[in-house]
Amino acid sequence: MHEPTLIKKIIAEISNKVFSRYSSYDSNLVGIHSHIQEVESLLCTVGIIGICGIHGIGKTTLADAVYKKISHQFECSAFLENVGEDFRKQGLIGLQNNLISLLVDDGNLNIKGCTSIEGRLCWTKFTNLIGNSQLKQLLISTANRSILVVEDIDCSLELQDRRAQQPRMMNPDLARMMNIDPYPTTQGGCGARVVLLSKYNPVLDQVDDFTVSSCLTLLCSINGCSITTTEGIGNTRDGFHPIHERFSGFHASQCGFCTTGMCMSLFLALVNAEKTPRPEPPLGFSKLKVSEAEKAIVGNLCRCTGYRPIVDACKSFTADVDMEDLGLNSFWRKGDSKDVKLSSLPSYKRNGDVCTFPQFLKSENRMEMGVDRVKVVVGNTGLGYYKEVGSYDKYIDLRYIPELFMIRRDDSGINIGVAVTISKAIEAVKECNQHGFHTEENMVYKKIADHMEKVASGFIQNSASLGGNLVMAQRNHFPSDIATVLLAVGSLVNIMNGLKSEELTMEEFLRRPELDSKSILLSVKIPDWNRLMGISSGTRMNLLFETYRAAHNP
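What this report covers is the structure whose coordinates are included nearby.

Thresholds, definitions, all that
Along each chain, numbering runs from 1 in the same order as the chain's sequence is written. With the structure being a predicted model, the display of local features is reserved for residues of pLDDT at least 70 and the display and counting of side-chain atom pairs for 80 or more, all residues being used for whole-chain, interface and lining totals. Note: side-chain values were computed over all heavy atoms of the structure, leaving out hydrogens and water. Working definition: a ring pair exists when centres of Phe, Tyr or Trp rings (six-membered ring for Trp) sit within 6.5 Å. Plane angles under 30 degrees give stacked, over 60 give edge-to-face, the rest tilted. Charges are assigned to positions over rings by a cutoff of 6 Å between ring centre and Lys NZ or Arg CZ, combined with an angular limit of 35 degrees from the ring normal. Any Lys or Arg side-chain nitrogen located within 4 Å of an Asp or Glu carboxyl oxygen qualifies as a salt bridge. Every helix listed is a DSSP run of H or I at least four residues long, and every strand listed is a run of E at least two residues long, numbered separately from the N terminus. Buried residues are those whose accessible area, probed at 1.4 Å on protein chains only, stays under 20% of the maximum for their type, while exposed residues exceed 50% and partly exposed ones sit between those limits. Cavity means a closed set of points on a 1 Å grid over the protein atoms alone, one where a 1.4 Å probe fits but cannot get out, pocket means an open set with protein on both sides within 12 Å along at least 5 of 7 lines, and lining means a residue has an atom within 4 Å of a point. Grid points are joined across faces, edges and corners, and a volume is the space filled by probe spheres set on the points. Three classes are used, and their members are as follows: Ala, Val, Leu, Ile, Met, Phe, Trp, Tyr, Cys and Pro are nonpolar, Asp, Glu, Lys and Arg are charged, and the others, Gly among them, are polar. Throughout this description, the term nonpolar core refers to a set of buried Ala, Val, Leu, Ile, Met, Phe, Trp, Tyr and Cys residues connected via side-chain atoms within 4.5 Å. Should any heavy atoms of two residues lie within 4.5 Å, those residues are counted as being in contact.

Within the structure shown, the criterion is met by 8 aromatic pairs. Among the aromatic residues, ring-to-ring pairing joins Phe250, Phe331 and Trp332 into one connected group. When the ring centre of Phe317 is taken as origin, the NZ or CZ atom of Arg246, which lies over that ring, is 4.1 Å away.

Next up, the structure:
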């Protein structure tokens, strides 16, 4: 060998060994650090690790990052991508040559047979992505989990397999019928699992259509709604929708995992465009505008196709599209006229066969409207005084709404939520007296508590609410001792009417018409008598407050 050639070879070999020790992966890869650490910890105890997961999830990226981080620890190393494809093209011998060539850094190497391989690699410590049982460290990444089961794999790692930790959102059988995974990733931001949700308003006789992320939507929240998936607008049995055909023709799909969500986002845009009072578009087009078509898929993420062909597929449905602006597709050839291009596109029929909300569901909603008799209750003790004819279909219990069950004390007085039971209200008023909450005026709270204890039996007080008692007094003119006592001490009530909150005196509350369905009584406030009388602390006063009742208990 000539001296210059030998010197170059020595320099290349030394440089390769020196610089390989400083090899590193891209530290800017989001979310990969924890997976690298997991693989490294496994490599401390096992020799062969399998990495599995769906296509496009980052298996090869993870294997490459681990390889770059640990390869300097070995005398020789190799990283092979697309092993399956190379095997189909070159066969086993070609794949072996590629692997050994990388390991010994000889691009012209041609080795056949296991004996030759063993002769070249004996006493060598190395790592690579894939190989046979002779290797010291081996990483295998595959989308087919069965490969890891068949092979003698020491340990397997499945990327983003969170099913064991995540709650099931819906019944598996129902999910399979709708082609939805009942074990969601609960990420929700990618848009891959977007479906169309439709709600019917019987009063306005109209259907509201909107898209939701099925991996975040609870089954209980879609009662009475209609769900349309990508199979609902087109499938192999009934024929594909023009959206599917145009996505395919404009090469707008590769791995396909995001395509279903893309199709449903575009379908919603088409449905909502038809509800607008815009002029009728030409045959084969929709009322959708180019700007709206581009925005239709804003929330859908794609990591392999590129958005240009996806946007072209969406824009092909718009009446104001420039056909020359649409990119490469399988529908027409370069130079074809506009008429030829229009006739080549898969036919789109506005208001076609797809119904987002079936007629029978509308009938069901109409039947349910106005049929149910609903009663709002806390203890339902009013039934003992006002007998009711018939029963209610539904009862709404307010006891478990924290805002209605609070008791708050401050310098201005004591606020008691309307769902607080009479017995709890008595205890709260007594506490003000026991702790000397007021100096000379604590006798007012003592009188209130003493009188409220004479109202009804203990087991009724434990169920009946303060608010229920006052509402009966206001609505039915119920002879309420509690309302009378609270009226005497200048109590206030807080009412929420829609988004508006108002504070009324007890007298104003009792005189006004009964509360409608949009109004709710929130709390009762017993004021601080020092502030009410304008008397500063430390000033003695003569205050006479007394309550009377003909009988202790009814």
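Now, onward.
Before going further, it helps to examine the pattern of salt bridges. By the definition in use, this model includes 18 salt bridges. Notably, a salt bridge pairs Lys447 with Glu546, separated by 3.0 Å at the nearest N-O pair. Placement of the pair is Lys447 in helix H16 (residues 442–453) and Glu546 in the segment after helix H21 (529–533), with a sequence separation of 99 residues. Look at Glu546 and you get partly exposed, because its relative accessible area is 37%. A salt bridge links Arg512 to Glu502; its shortest N-O distance comes to 3.3 Å. Here the residue Arg512 occupies a position in the loop between helix H20 (506–511) and strand E15 (519–527), and Glu502 occupies one in strand E14 (residues 500–505), the gap between them amounting to 10 residues.

Glancing now at the layout of surface pockets. Quantified by volume, the second largest pocket comes out at close to 1,400 Å³. Contributing to the lining of the second largest pocket are 43 residues, with Val376, Gly468, Asn469, Val471 and Met472 lying nearest its centre. Counting only elements with at least two residues in the lining of the second largest pocket, the list comes to strand E9 (374–377), helix H18 (466–476) and E15. Class assignment for the residues of the lining of the second largest pocket results in 24 nonpolar, 13 polar and 6 charged.

If you look at the biggest cluster of nonpolar residues, it comprises 41 residues, and the most contacted ones within it are Leu470 and Ile526. Of all elements in the fold, only strand E12 (413–417), helix H15 (422–434), H16, H18, helix H19 (481–488), strand E13 (492–497), H20 and E15 reach the threshold of two or more residues within this core. Per-element accounting of this core gives the leading share, 6 residues, to H15. Aside from chain neighbours lying at most four places away, what touches Leu470 is Ile482, Ala483, Leu486, Met506, Phe509, Leu521 and Val524.

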